[in-house]
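The lines below spell out each chain.
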Amino acid sequence: MWYYEKKLQYPVRVSKCDVQMAKFLTEQYGGADGELAAALRYLNQRYTVPDKIIGVLNDIGTEELAHLEMIATMVYKLTKDATPDDLKKAGLGAHYANHDKALYFENAGGVPFTATYFTAKGDPIADLYEDIAAEEKARSTYQWLINMTDDTDLIDSLTFLREREIIHSQRFLECVEILKEERDRKKIF
Amino acid sequence: MKESTAKYYELLHEIQQVDFALVELNLYLNTHPMDQQAIMQFNELVQRSQMLKKNFESMYGTMRNFGESFSPTPWSWSNTPWPWQV
Amino acid sequence: MNTFRKTYKPFIGPFDPCPPMKVKSYETPPQLYMGFQPYNLPQFPNLQTALKHGTLWPALFAPYENPYRKGGA
């Protein structure tokens with residue numbers, strides 16, 4: 001089970017009332033390489049990977065939920081005081097017609113989230129390679145998002161999230177090395 | 001609103017710093033279970049995190065649910081602000 | 001020290017409709033170079049700096065700046 005703590009992993013400040021950015025940020029909320037897909041992918045794979053790497057999948061999956069909450073916070077803050085007209089101008093008219101200001105698991109183009117965004121192959125190397133690719137794709141998405149804003153506070157939070165993808169990728173790469181069982185044999189340490 | 005005082009953000013930020021290092025070390029130790037120095041650092045930070053949260057909760061109400069924190073009277077867990085509101 | 005951004009000059013065709021981007025770039029962050037993280041990597045001097053950078057270890061930190069902004073690649 002999980003416990004909740006009343007704090008974000010990293011402070012989220014949004015200083016510019018740029019409603020259109022909320023639409024773009026949704027890519028990391030309900031998009032193919034977003035935080036929801038990441039969390040569900042790892043938390044689902046953890047049941048059937050070798051024992052030695054369950055902890056990595058479990059904990060990175062959990063951290064992704066904290067990142068999902070940070071993205072939600074950005075979207076929430078950017079839309080909470082927007083009028084229907086503001087939303088229309090920001091390209092969120094269709095979203096408003098269906099959801100008002102409720103967050104919805106969809107990508108930046110409004111395509112609803114689907115389980116087909118990730119897989120569980122049951123082969124640990126295949127699954128880890130997917131995970132590494134997922135981290136690199138999420139890192140790229142953060143870069144494209146950073147490229148579309150000049151809000152330095154928002155960039156600060158997005159840069160933090162981008163760096164976390166790098167760390168996760170590093171850990172998954174280490175998992176591959178662990179499963180190869182070559183390290184002890186070569187006496188690297 | 002006492003929640004928006006500078007002190008609130010300062011204490012919260014301190015917790016975020018310590019807890020971030022704990023996440024980072026936790027992930028590292030999952031693939032480096034024999035690194036004694038990192039384990040020592042982890043345990044020291046666990047202690048610091050618990051102290052900081054106890055202090056924070058005494059001023060701003062319960063921070064952790066489902067029995068991870070003691071409750072004052074009245075029940076303060078469900079009070080605002082929630083993380084996405086601050 | 002490895003660089004975390006690489007650049008290349010793409011082919012420019014004589015009939016390209018838009019003004020050419022003469023240089024394009026992509027990122028090559030530090031986890032591509034590290035291998036298994038060694039023990040006792042130096043850490044950022046304090047936890048505030050670590051949180052700010054999103055990692056405890058400078059060796060795994062990769063700055064990112066919008067390459068389309070002035071001064072970028």
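Use the structure listed above.
Residues numbered from 1 in each chain as written. Chains lettered and ligands numbered in written order. Predicted model: local features only at pLDDT ≥ 70, side-chain atom pairs only at ≥ 80, totals over all residues.

Engineer: I keep staring at the overall build of chain B and nothing clicks. Help me out?
Structural biologist: Along chain B, the regular secondary structure elements total two helices and zero strands. Taking 2.2 N^0.38 as the reference for a compact globule, 86 residues should give roughly 12 Å; the C-alpha atoms of chain B span a radius of gyration of 15 Å, well beyond that estimate. Across its three principal directions, the C-alpha atoms of chain B cover 45 × 25 × 20 Å. Counting over 86 residues, chain B shows a buried share of 21%. Within chain B, contacts between residues separated by at least 24 positions form 41% of all contacts whose residues are at least 6 apart in sequence. (Helix = DSSP H or I, 4+ residues; strand = E, 2+ residues; numbered from the N terminus. Rg over C-alpha atoms; globule rule 2.2 N^0.38 Å. Buried ≥ 20, exposed ≤ 12 C-beta atoms within 10 Å, placed from the backbone. Contact = placed C-beta atoms within 7 Å.)

Engineer: Looking at this model, I keep getting lost on the overall build of chain C. Mind explaining?
Structural biologist: Secondary structure summary: chain C contains two helices and two strands in total. Written out in order from the N terminus, the α and β elements of chain C read β-β-α-α. The C-alpha radius of gyration of chain C comes to 17 Å, more than 25% above the 11 Å expected for a compact globule of 73 residues. Within chain C, contacts between residues separated by at least 24 positions form 38% of all contacts whose residues are at least 6 apart in sequence.

Engineer: I keep staring at unusual backbone geometry and nothing clicks. Help me out?
Structural biologist: Working note: non-glycine residues mostly have negative phi, and peptide bonds are mostly trans. Of note, the amide linkage connecting T73 of chain B to P74 of chain B takes the cis form, showing an omega dihedral of -5°. Relative to the assigned elements, P74 of chain B resides in the segment after helix 2 (36-60). Between T80 of chain B and P81 of chain B the backbone carries a cis peptide bond, its omega angle lying at 5°. Counting through the fold element by element, P81 of chain B comes out in the segment after helix 2. Backbone geometry places D100 of chain A, a non-glycine residue, at a positive phi of 50°. Considering the arrangement of structural elements, one finds D100 of chain A in the loop between helix 6 (93-99) and helix 7 (124-147).

Engineer: Hey, could you run me through the packing of helix 7 of chain A against helix 8 (residues 152-180) of chain A in this one?
Structural biologist: Each pair of packed helices can be described by the angle between their axes along with the distance between the axes. All names here are of chain A. Helix 8 packs onto helix 7 with a crossing angle of 165° between their chain directions and a minimal axis gap of 9 Å. As summarised for this structure, helix 7 and helix 8 are arranged roughly antiparallel, according to the angle between their axes. Crossing angle aside, the handedness with which helix 7 passes helix 8 is left-handed. Residues belonging to the contact of helix 7 with helix 8 are distributed by class as follows: 17 nonpolar, four polar and six charged. (Axes fitted to C-alpha atoms, helices over the stretch in contact; angles between N-to-C directions. Parallel < 35°, antiparallel > 145°, perpendicular 65-115°, else oblique. Left-handed = near helix turned anticlockwise from the far one by under 90°. Nonpolar A, V, L, I, M, F, W, Y, C, P; charged D, E, K, R; others polar.)

Engineer: Whenever I open this one, the interface of chain C and chain A confuses me. Can you help?
Structural biologist: Note on interface size: it is often stated as the accessible area lost on association of the parts. Taken together, the contacts link 18 residues of chain C with 19 residues of chain A. Of all the secondary structure elements, the ones that give two or more residues to the side of chain C that touches chain A are helix 1 (31-34) and helix 2 (47-53) of chain C. Among the residues forming the side of chain C that touches chain A, the class breakdown is eleven nonpolar, six polar and one charged.

Engineer: Sorry, what's going on with the nonpolar core here?
Structural biologist: The tendency in soluble globular proteins is for nonpolar side chains to be buried side by side. L25, I71, M74 and V75 of chain A are the most contacted members of the largest nonpolar core, which totals 60 residues. Elements that contribute at least two residues to this core include exactly helix 1 (19-25), helix 3 (35-45), helix 4 (51-79), helix 7 and helix 8 of chain A, helix 1 (6-31) of chain B together with helix 2 of chain C. No other element matches helix 4 of chain A, which puts eleven residues into this core. If we skip the residues at most four places from it in the chain, M74 of chain A touches V12, V14, L25, L154 and S157 of chain A. (Core = buried A, V, L, I, M, F, W, Y, C linked by C-beta atoms within 7 Å.)

Engineer: When you look at helix 2 of chain B in this model, what are you seeing that I'm missing?
Structural biologist: Residues lying three or four places apart along an α-helix face the same way, a consequence of the helix completing one turn every 3.6 residues. Residues and elements named next belong to chain B. Here helix 2 contains 25 residues, and its C-alpha end-to-end distance of 36 Å stays within 8% of the 36 Å for a straight helix at 1.5 Å per residue. If you check which residues of helix 2 are buried, you get A38, K53 and F56. Those residues of helix 2 hidden inside the fold are in contact with helix 1. Positive backbone phi, at 95°, marks G61, one or two positions downstream of helix 2. (Expected span 1.5 Å × (residues − 1).)

Engineer: Can you help me understand the interface of chain B and chain A in this one?
Structural biologist: On the side of chain A, 23 residues touch chain B, which itself brings 18 residues to the contact. Grouping the amino acids of the side of chain B that touches chain A by side-chain chemistry returns ten nonpolar, six polar and two charged.

Engineer: Please explain the packing of helix 4 of chain A against helix 1 of chain B as it appears in this structure.
Structural biologist: Contact geometry of helix 4 of chain A with helix 1 of chain B gives a least axis separation of 9 Å together with a crossing angle of 160°. The angle between helix 4 of chain A and helix 1 of chain B places the two elements in the roughly antiparallel class. Every pair of crossing elements has a handedness; the one defined by helix 4 of chain A and helix 1 of chain B is left-handed. Mapping the contact onto sequence places G55, V56, D59, I60 and E63 of chain A in helix 4 of chain A and V23, N26, L27, N30 and T31 of chain B in helix 1 of chain B. Per-class residue counts for the contact of helix 4 of chain A with helix 1 of chain B are four nonpolar, four polar and two charged.

These figures come from the coordinates and say nothing about function on their own.
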